[in-house]
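In case you want the letters, here they are:
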Amino acid sequence: MTTAVVRALGALAHETAHARPGPRCVSPEPAVLADRADGTVVRCGPVVAKAHAAGTDIAALSARLGLAAGPALAGVLLAPLPVRTPEGRAGHGDASPYLTELHGRPVTLWPYGEPVDPGNPDEAPWEATAVLLARLHRTGIRTGRSTPGGPSGPAAVPAMRGPAKAALAVARMRAARPGERTTAPVLAAWRGLPPWARDEAPAPGHRAHLLCHGDLHLGQLVQHPAPHGPWLLIDVDDAGPGDPAWDLARPAAWYAAGLLPPEVWFRFLDAYRAAGGPAVRAEGDPWPELDVAARALTVQTAALALAKSAAEHRAPDEVEQVMIDACARIAALPPELTAEHSS
């Protein structure tokens, strides 16, 4: 944890909370909600401040923040709060009114929302998640990057970063366990994926144009206003146009590995279909659309498990080993079975 960053985030959240109508921050110390390489998150009462990863693409993040702040996704994405610097200037230069910079890192502000309770899995909002995803996937957006001298208006949203995150997970595993045999099934399953799922080529055109979250899991939902408001999706760092199956792939991978009960998976899938979600066919077997993304998320999860366990000088735990074993089963599939859904 970088103490200077945490203090700066806490001070910014505190100042913002006291400048807004409604509940004030009464805690003398900021509460650190997360502190990882990809983001440090600090809460002060009704306001949350997030320092994004160093080296974040500011133009891409600005476009994604504009998406979250816009009216088209009200009720789907949690909207950011405008940032006022100590000098009273809004935003991060000309990039966005929702961005500033602290200690060399881009920073955003958000209203606090009540997260999913990890200790009460039976109450996890799977159906609400499915409906939010269906609404997100049906939203039209401008795609690609804006060009200098192009038409004015909101910045175009760059591609969804799901495959890029999977590739980063595999790279992290390789760095943590260079040459180890334990990585062999994960790497074999990785090599069996089509290039687009490894972030080596664009996604096929017929599956690449819908708005996706890019990193969907239950930690990406909050109730706002807290604690009993409607569920909303958070964290737009990876959002953009892509294959919407990617957003269904993590629960699909858990179901295929035996970690998500069938009844929960089918509740989620049925709710998504009932809400008009376009990632899968309206009825029948959804796996032709989900197969590639589910295999990719299985690899990503297993790779992160091996990297994390290596950093902590331990063997993978039981749940982590389930995903590693799932990679071994994927790698053992005949090529004609994996190739069938790879385009």
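All of the points below concern the structure found in this document.

The rules behind these values
Residues numbered from 1 in each chain as written. Predicted model: local features only at pLDDT ≥ 70, side-chain atom pairs only at ≥ 80, totals over all residues. Heavy atoms only, no water. Buried < 20%, exposed > 50% of the residue type's maximum accessible area, 1.4 Å probe, protein only. Helix = DSSP H or I, 4+ residues; strand = E, 2+ residues; numbered from the N terminus. Pairing = 2+ DSSP bridges. Axes fitted to C-alpha atoms, helices over the stretch in contact; angles between N-to-C directions. Contact = heavy atoms within 4.5 Å. Nonpolar A, V, L, I, M, F, W, Y, C, P; charged D, E, K, R; others polar. Core = buried A, V, L, I, M, F, W, Y, C linked by side-chain atoms within 4.5 Å. Expected span 1.5 Å × (residues − 1). Bend = angle between axes of the 7 residues up to and from the residue. Salt bridge = Lys/Arg side-chain N within 4 Å of Asp/Glu carboxyl O.

### A look at the pairing of strand 2 (residues 39-44)
In terms of burial, strand 2 is largely enclosed, as five of its six residues are buried. Across five bridges, the pairing between strand 1 (residues 31-36) and strand 2 is antiparallel. Considered in strand 2, the bridge of A34 is made with V41. If you look at the hairpin formed by strand 1 and strand 2, you'll find two residues sitting between the two strands. Bridge count between strand 2 and strand 3 (residues 47-52): six bridges; the pairing is antiparallel. Directly across from C44, in strand 3, lies its bridge partner V47. Adjacent in sequence and paired antiparallel, strand 2 and strand 3 are bridged by two residues, among which G45 carries a positive phi angle near 60 degrees.

### Focus: the packing of helix 3 (residues 126-137) against helix 6 (residues 245-257)
The N-to-C vectors of helix 3 and helix 6 enclose an angle of 145 degrees; their axes lie 10 Å apart at closest approach. Of helix 6, the residues touching helix 3 (which contributes W126, L133, L136 and H137) are D247, L248, P251 and W254. Residue classes in the contact of helix 3 with helix 6 are distributed as six nonpolar, one polar and one charged.

### A few points about the nonpolar core
In terms of nonpolar packing, the biggest core is built from 78 residues, with L77, V186, L233, W246, L248 and Y272 touching the most fellow members. Here this core takes ten residues from helix 8 (residues 287-311), the largest share from any one element. Grouped together as the second largest cluster of nonpolar side chains are 15 residues, L9, L12, V83 and L109 included.

### Observations regarding helix 6
Relative to the 18 Å expected for 13 residues at 1.5 Å per residue, helix 6 spans 17 Å between its end C-alpha atoms, a close match to the ideal helical length. The principal kink in helix 6, of about 35 degrees, is found at P251. Packed against the buried residues of helix 6 are helix 3, helix 4 (162-176), strand 7 (210-212), helix 7 (262-274), helix 8 and helix 9 (318-331). Phi turns positive, to about 90 degrees, at G258, one or two residues after helix 6.

### Some words on the sheet that holds strand 5 (residues 105-111)
Ordered in space as 1-2-3-5-4, the five strands form an open sheet in which the pairing is antiparallel. The open sheet terminates on both sides in strands that have one partner only, identified here as strand 1 and strand 4 (100-102). Adjacent strand axes in the sheet meet at a mean angle of 25 degrees, parallel and antiparallel pairs treated alike. As defined by bridge partners, strand 4 adjoins strand 5 across three bridges and the pair is classed as antiparallel. Across the sheet, residue L102 finds its bridge partner in strand 5, namely R105. Relative to strand 2, helix 1 (residues 3-19) is tilted by about 40 degrees, and along the sheet it contacts strand 1, strand 2, strand 3, strand 4 and strand 5.

### A look at the pattern of salt bridges
Per the stated rule, a full pass over the model turns up 14 salt bridges. For R161, the salt bridge identified is with D238, shortest N-O distance 2.4 Å. Remark: D238 occurs in the loop between strand 9 (231-233) and strand 10 (240-242) and R161 occurs in the loop between helix 3 and helix 4; sequence separation between them is 77 residues. For D215, the salt bridge identified is with K165, shortest N-O distance 3.2 Å.

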